[in-house]
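# Coordinates in review
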Amino acid sequence: MGWQKMNQATSVYQIRTMQKDLRREQALEYHSKGRPGKIEVVPTKDAKTQRDLSLAYSPGVAEPCKEIYNNIENVYKYTAKGNLVAVISNGTAVLGLGDIGPEASKPVMEGKGVLFKIFADIDVFDIEINEKDPEKFVQIVKSLEPTFGGINLEDIKAPECFYIEQKLREQLRIPVMHDDQHGTAIISGAALLNALELQRKKIDKVRFVINGAGAAAMACAKLYVALGAKYANFILFDKDGILHQNRAGLDEEKQKFAVNVKGPEITLGQAMKDADVFVGLSVGNVVTPEMIKSMGRKPIVFAMANPDPEISYEAATAVRDDIIMATGRSDYPNQVNNVLGFPFIFRGALDVRATQINEAMKLAAVHALAELAKTSVPDIVNVAYNENNITFGASYIIPKPLDPRLLSTIAPAVAKAAIESGVAQTTITNWSSYAIELNKRLGLDNQIIRVLGSKARKDPKRLVFAEADNQKILKTAQIIFDEGIAQPILLGNEKKIRDIAEANSIDIDELQIIDTQSDMYEEKRKQFGELFFEKRQRKGYNKYESLKIMKDRNHFGCMMVETGEADAMISGLTKNYPDTIRPAIQIIGMEDGVKKIAGMYLLLTKKGPLFLADTTVNFNPTAQELADITLLVAKEVRNFNLTPRIAMLSYSNFGSSDSPEAKLVAQARDIVKQKSPSLIVDGEMQASLAFNREMLSENYPFSELAEQDVNTLIFPNLAAGNVAYNLLKEVGGADAIGPILLGLKKPVHVLQLGSSVRSIVNMALIAVVDAQLKSKQIAESGSKKTSWLKRSKKE
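Once that is clear, we can look at a negative patch on the surface. Taken together, Asp519, Glu522, Glu523, Glu530 and Glu534 make up a surface patch of like negative charges. Mapped onto the elements, glutamate 522 comes out in helix α22 (residues 522-536).

This part is about the side chain of glutamine 772. Structurally, the position occupied by glutamine 772 is in helix α31 (residues 757-794). A polar atom in the side chain of glutamine 772 sits 2.8 Å from the backbone oxygen of aspartate 459.

Take the pattern of salt bridges next. Counted under the stated rule, the structure contains 53 salt bridges. Between glutamate 253 and lysine 256 there is a salt bridge whose closest N-O contact spans 3.5 Å. Remark: lysine 256 and glutamate 253 occur in helix α10 (residues 252-257); sequence separation between them is three residues, near one turn of the helix. Assessed through its relative accessible area of 26%, glutamate 253 is described here as partly exposed.

Right, let's get into the packing of helix α14 (residues 342-351) against helix α18 (residues 431-442). Where α14 contacts α18, the axes come no closer than 13 Å and their chain directions differ by 125°. Taken together, the axes of α14 and α18 are oblique relative to one another. Of the two possible hands of crossing, α14 and α18 adopt the one that is right-handed. The residues of α18 that touch α14, namely those facing Arg347, Gly348 and Asp351, are Tyr434, Leu438 and Arg441. Residue composition of the contact of α14 with α18, grouped by class: two nonpolar, one polar and three charged.

This part is about the nonpolar core. Membership of the largest hydrophobic core comes to 83 residues, with the highest contact counts inside it found for Phe208, Tyr224, Phe234, Phe302, Met361 and Ile410. Ile449, Ile479, Ile497 and Ile737 belong to the second largest nonpolar core, which has 66 residues in total.

In this section: the sheet that holds strand β4 (residues 176-178). Spatial ordering of the open sheet is given by β2-β1-β3-β4, a layout of four strands whose pairing is parallel. Every other strand in the sheet has two partners, leaving β2 (123-128) and β4 as the edge strands with one partner each. Across the sheet, the mean angle separating the axes of adjacent strands is 20° when strand polarity is ignored. In the sheet, strand β3 (residues 150-153) pairs with β4 via three bridges, with the strands oriented parallel.

This part is about the side chain of histidine 555. Position of histidine 555 among the secondary structure elements: in helix α24 (residues 553-563). At a separation of 2.7 Å, a polar atom in the side chain of histidine 555 contacts the side chain of aspartate 552. Contacts of histidine 555, omitting those with residues within four sequence positions, involve Phe532, Ile549, Met550, Pro583, Gln586 and Ile587.

Let us now look at the sheet that holds strand β10 (residues 324-327). Here six strands make up an open sheet; going across it, the order is β7-β6-β5-β8-β9-β10 and the pairing mixed. In the strand order of this sheet, the two ends are held by β7 (241-242) and β10, each with one partner. Relative to β7, strand β6 (residues 234-238) is paired through two bridges, and the arrangement is antiparallel. Directly across from aspartate 238, in β7, lies its bridge partner glycine 241. Contacting β5 (208-211), β8 (277-280), β9 (300-303) and β10, helix α8 (residues 179-199) runs over the sheet at an angle of about 160° to β9. Its contacts with the sheet put helix α9 (residues 215-226) on β5, β6, β8 and β9, and the angle it makes with β6 is roughly 175°.

Running from N to C, α14 and helix α17 (residues 406-420) cross one another at 50°; their axes reach a closest spacing of 7 Å. Our classification of the angle between α14 and α17 gives oblique. As α14 runs across α17, the sense of the crossing is right-handed. Listed contacts from α17 to Phe344, Ile345, Arg347, Gly348 and Ala349 of α14 are Leu406, Leu407, Ile410, Ala411, Val414 and Ala415. Its residues placed into classes, the contact of α14 with α17 shows nine nonpolar, one polar and one charged.

It is worth spelling out the packing of aromatic side chains at this point. Per the counting criterion, the structure on display carries 17 aromatic pairs. Taking the centre distance of 6.5 Å and the plane angle of 90° together, the rings of phenylalanine 119 and phenylalanine 344 count as edge-to-face. Placement of the pair is phenylalanine 119 in helix α5 (residues 102-120) and phenylalanine 344 in helix α14, with a sequence separation of 225 residues. Judged by its relative accessible area of 9%, phenylalanine 119 is buried. The exposure class assigned to phenylalanine 344 is buried, which follows from its relative accessible area of 2%. When the ring of phenylalanine 654 is compared with that of phenylalanine 702, the centres are 5.2 Å apart and the planes differ by 80°; the resulting orientation is edge-to-face. Of this pair, phenylalanine 654 sits in the loop between β17 (645-649) and α27 (660-675) while phenylalanine 702 sits in the loop between α29 (693-699) and β19 (712-714), and the two are 48 residues apart along the sequence. Overall, the relative accessible area of 55% leaves phenylalanine 702 in the exposed class. Aromatic ring contacts, followed pair by pair, group Phe208, Tyr224, Tyr231, Phe234 and Phe257 into a single cluster.

On average, the chain scores 91 in pLDDT, and the residues at 70 or more come to 95%. Throughout residues 1-16 the model reports pLDDT below 50, and contacts reaching past four residues in sequence, or to other chains, amount to one contact.

Right, let's talk about the pairing of β2 for a bit. Pairing geometry for strand β1 (residues 84-89) and β2, over six bridges, is parallel. The residue bridging alanine 86 from the neighbouring strand is phenylalanine 125, located in β2. In this region the chain leaves β1, passes through α5 and returns to the parallel neighbour β2; the handedness of that crossover is right-handed.

The rules we used
- The residue count restarts for each chain, going from 1 along the sequence in the order it is written.
- Side-chain atom pairs in this predicted model are given and counted only at pLDDT of 80 or more, local residue features only at pLDDT of at least 70, and totals for whole chains, interfaces and linings cover all residues.
- Water and hydrogen atoms play no part in the side-chain values, which are based on all heavy atoms of the structure.
- Patch definition: residues above 30% relative accessible area lacking any salt bridge, with like charges linked at up to 9 Å and the nonpolar side chains Val, Leu, Ile, Met, Phe, Trp and Tyr linked at up to 5 Å.
- Only the protein chains shown count as covering a residue, and every accessible area follows the Shrake-Rupley method with a 1.4 Å probe.
- Salt bridges are counted wherever a side-chain nitrogen of Lys or Arg sits within 4 Å of a carboxyl oxygen of Asp or Glu.
- Only four residue types enter the charge count: Lys and Arg as positive, Asp and Glu as negative, with His and the chain ends excluded.
- Where a charge sits is defined by one atom per residue type, namely NZ (Lys), CZ (Arg), CG (Asp) or CD (Glu).
- Secondary structure elements follow DSSP: runs of H or I of four or more residues count as helices, runs of E of two or more count as strands, with numbering from the N terminus.
- Under the rule applied, a polar contact is a pair of N or O atoms within 3.5 Å (in protein, one hydrogen donor and one hydrogen acceptor; residues adjacent in sequence only if both atoms are side-chain atoms).
- Buried residues are those whose accessible area, probed at 1.4 Å on protein chains only, stays under 20% of the maximum for their type, while exposed residues exceed 50% and partly exposed ones sit between those limits.
- Note on definitions: angles span 0 to 180 degrees between N-to-C directions of axes, and those axes are lines fitted to C-alpha atoms, for helices only across the stretch in contact.
- Angle categories: roughly parallel below 35 degrees, roughly antiparallel above 145, roughly perpendicular from 65 to 115, and oblique for all the rest.
- Note on convention: the crossing is left-handed when the near helix lies turned anticlockwise from the far helix by less than a right angle, right-handed when the turn is clockwise.
- Contacts: residue pairs with any heavy atoms within 4.5 Å of one another.
- Under the grouping applied here, Gly and all other residues not named as nonpolar or charged are polar, the nonpolar ones being Ala, Val, Leu, Ile, Met, Phe, Trp, Tyr, Cys and Pro and the charged ones Asp, Glu, Lys and Arg.
- Nonpolar cores were defined as sets of buried Ala, Val, Leu, Ile, Met, Phe, Trp, Tyr and Cys residues, with membership established by side-chain atoms within 4.5 Å.
- Here a strand pair is declared whenever DSSP counts at least two bridges between the two strands.
- The criterion for an aromatic pair is that two Phe, Tyr or Trp rings (for Trp, the six-membered ring) have centres within 6.5 Å, with stacked assigned to planes under 30 degrees apart, edge-to-face to planes over 60 apart and tilted to the rest.
- Per residue, pLDDT measures the predictor's confidence, with a range of 0 to 100.
- Seen with its strands pointing away from the viewer, a crossover is right-handed if its path from the first strand over the helix to the second goes clockwise.

Written out as structure tokens, the structure is:
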């Protein structure tokens, strides 16, 4: 038995090691593929002609230089300084890696820049400084002040980080923040206020035990005091034990929290007896269930060590049903995540040109976060986390990172605090307009892929890949399996699949492989073939052909979806579109009431998501067919939790051409409005007009789209749709997902020939979420049918 356990342990260790190696390979490929790194500089002005270049540089550039020389404040008017933050590190305390040096810290700093951009539209230069001397480091950073609107200090070890931030705040007139300290403090501070409210405790009365006395822990303790906690109610521990008044080497800030210990030093376990709040910023698994049991009534536990908290969520909640707990992990409720703070705090500070990020601004962020958690959660957040109704309570004391309201809530609060505390150099008078401007900056709807990813992980589905003997498909299968998006089922020759996987270091050991031509699956082919014959026996297929065709992977895969042995299928990477779509129509069929399927692309543009149809199926639809396509697309857009705002395109604007083609689009729009009067849709119109609200409202004020941002385009025919999609993707640089098939009873999606791994992963997200929705609809339909039968029997 002991030998068996050892073998099992070894096996688990080997699996974890293999998974770690695979994640390592994926991470390295992600950072090295194409242009190395994660960021680039993109011009914001045209620089195409000689005139453009003469304005961008010599001689035209001399004019803004002279204006700035005459008035230095003009640097904000004529340069990017006002939206530019420096993320600066010397690499002495990088994540869990320690002192790895400035060069090795660069990927982290680039990553921080990515978060600034996607969450708050702030541009970032990452700067890695080869200097450990605090005073020299301060002087180097100080010399960069003319370039930047703000400075985010990152991954600098304590105690130097305290000195560096303090000196820079004293000497610079731009906002400076060490996020490792204040980010965690602000987010946990908001969580603390709400947890105390739920537990009906007063912050000035509760007893705190804090394990860890590094930069983040000290910032937390200081902020909790600013929120009303008393120094006398804190007990702090670090790696050397309790912070007490007789201990040598404590700096001024730590002395304020040092306790007077008489006799032997108390342990962490002793300190936690009857404590109200435990805050962990140390190492994993140092707190036992017995310690949690010993805490006072209705305890609050923030175990924020990563990746393993001081005590697991399961262990803590198992011994106390009155506990409120937060961790630093995304797989448990109440994640204390710094991304809830720094992008929005800097956004607010930059927008009023604050000279610093002071205590008032930090406290404003704390209270804004805390209040946001108490408000009604938008549907897009419920969808992202696969919840029916997220509400304020023990499992939701701080907002979710994907909440689109964070920017328009926290940034204004921080900006107001800067104005009121006298550190703002400009003011904001119309706060409603400011909130609208913030949402436009973010392109709120472009969070769609992150939302889909979160939803897919909540309820992974069985996803068939009909072309598994392909490196891209196998890489995709590994990624979606590792990330918990779906359970891939691979169709193809097993030896060939395993050879490709081995040659490319792709782990597929835990994935199901089905060779549709193998004798092993003869009985299954027979079962599927007979079912296919039932469906198609009077539609051109005899029994022999029906049995034989099940060796084809597309037919076999569609039959798996139809019979419930899989939830969705993806194919088409190496086959022509008709060869992939035909089995889906023959086997799965169309939704009730749908006469023709359609193909839609989702383009992720800088202005938000853009849905295009029909781009793949219907060559020259009639007015009725075009109306049906429009209604299908509108339904799918709503499934993304977006309101469809549809422009039906032509070369004519509202009857300006009397041609049959233009009239057809106008007629289709009339049919759509008859069937769905509340749908926001207009046409016929030219594509340029659809995106020019000013021209539309001035010349066609009657249009439903005059005050709307269009997110859906319906094309008059396949040629127009396909050409437009390809131009936007290849020339416009939009990220494309699709084609997404609309109108089938169950989800089958077709890849474009030569799709990238990224595109296939995105299609997998669509397929899984589509499968979730379809299964929910089937369950609801079954429930209604059962209720109807019960009522019928009673009657």
